[in-house]
Amino acid sequence: MSTEVVLSDVPPTRPHRRGVPGVAFVKSTSGLQRVTLIVGLVLMVGFVIAAVFAPLLAPYGFSQTSDAGQDFARQAAPSAQHWFGTSVRGEDVFSRVIYGARTALMVIASSLILSLIIGVPLGLASGYIGRWFDRVLVLFMDAMYAFPSLLLAVVISIVVAGGQSSSFGGIASAAIAITAIFVPQYFRVVRNATVAVKTEPYVDAARVTGAGTPRILFRHILANVVQTLPVIITLNGAEAILTLAGLGFLGFGIEPTSASEWGYDINKALPDISNGIWWTSVFPGLGIVLVVLGLTMVGESASETLNPLLRTRKKFKKAVKV
């Protein structure tokens, strides 16, 4: 019997098409959860666009107080020339809000990247190696985690900045201060997940074949313990915004001539409220609220979508209704 295969009878295979990133994730949601996710994504995209294209979107510089040789009126109400009015120093509030998004994005990105670079490897090593190394790290991280987060951020900001509030120094000190808050969180999550999977058969098989500890940690274990990190990252992004605003509000932020920061602007706008000048504090505060709301909505929706227990409950409820 001939075993030849007639190629003309074999149906042609269709090339795999990659869809738009994130569309499949949005389609996996439904109802109010999908609405929440989409609204959160819209707010986050708007925030990123404002931060990246701040020089193009802002009509003036963040510390500009004059144009064409004419000084801006101080504490002027919103108008066609100044959409969000002007501050007590004569700066355009709309421009400072837009540039404040850039400062916030830089601090969020820097702090989250540093936290992942430090917290994830330490969590992997602590959970896998164990013994005295694990006990020392757990004790140190628990001590940091128990310390009041804002107070810890203030202390580290003072130590790092050294009394300087330049653009680089202010952003760097805020990012390092927030990193110190987030590292224990990533360490605990990754460490606990590593302890749970390090005795799995695939880890034992890699160990038997002679794989080194770094290869086991970053090739075999890491892929199975990072599923929850995207959710934590979005929620920590919201916390980073609030911590940055808290530092600025308390006077440990960035000078207005170095960069724009929402918390600092709110602090300087406090005397205006009693005089009925609302725009100098409302618009920077609204920027904080919208960014935190967007990140929180995305984080909560992602948590419900990626959590296997919640997915099982939803499927069970749908089956019961049917």
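Calculation criteria
- Residues numbered from 1 in each chain as written.
- Predicted model: local features only at pLDDT ≥ 70, side-chain atom pairs only at ≥ 80, totals over all residues.
- Heavy atoms only, no water.
- UniProt positions renumbered as here; feature names shortened; annotations may be inferred.
- Helix = DSSP H or I, 4+ residues; strand = E, 2+ residues; numbered from the N terminus.
- Phe/Tyr/Trp six-rings, centres within 6.5 Å; stacked < 30°, edge-to-face > 60°.
- Buried < 20%, exposed > 50% of the residue type's maximum accessible area, 1.4 Å probe, protein only.

With respect to the UniProt feature "transmembrane region" (unreviewed entry) in the protein
Link 1 in the chain: Mapped onto the present numbering, the UniProt feature "transmembrane region" (unreviewed entry) falls on residues 35–58, 104–124, 136–161, 167–187, 229–254 and 277–298.
Link 2 in the chain: The span residues 35–58 shows a helical share of 92% and a strand share of 0%, and its end C-alpha atoms are spaced 30 Å apart.
Link 3 in the chain: Annotated as 100% helix and 0% strand, the span residues 104–124 places its first and last C-alpha atoms 30 Å apart.

A look at the packing of aromatic side chains
Link 1 in the chain: For the structure on display, the rule yields 8 aromatic pairs.
Link 2 in the chain: Here the aromatic rings of Tyr60 and Phe72 are separated by 4.8 Å at their centres, their planes lie at 65°, and the arrangement is edge-to-face. Of this pair, Tyr60 sits in the loop between helix H3 (54–57) and strand S1 (66–67) while Phe72 sits in the loop between strand S2 (70–71) and helix H4 (93–129), and the two are 12 residues apart along the sequence. By the burial criterion, Tyr60 is buried, and Phe72 matches it.
Link 3 in the chain: Judged by centre distance (3.9 Å) and plane angle (5°), the rings of Phe84 and Phe283 are stacked. Here Phe84, found in the loop between S2 and H4, pairs with Phe283, found in helix H12 (residues 279–306); they are 199 residues apart in sequence, far enough to count as distant.
Link 4 in the chain: For Phe283, a relative accessible area of 15% corresponds to the buried category.
Link 5 in the chain: One aromatic cluster in this structure is built from Trp83, Phe84, Phe94, Trp278, Trp279 and Phe283.

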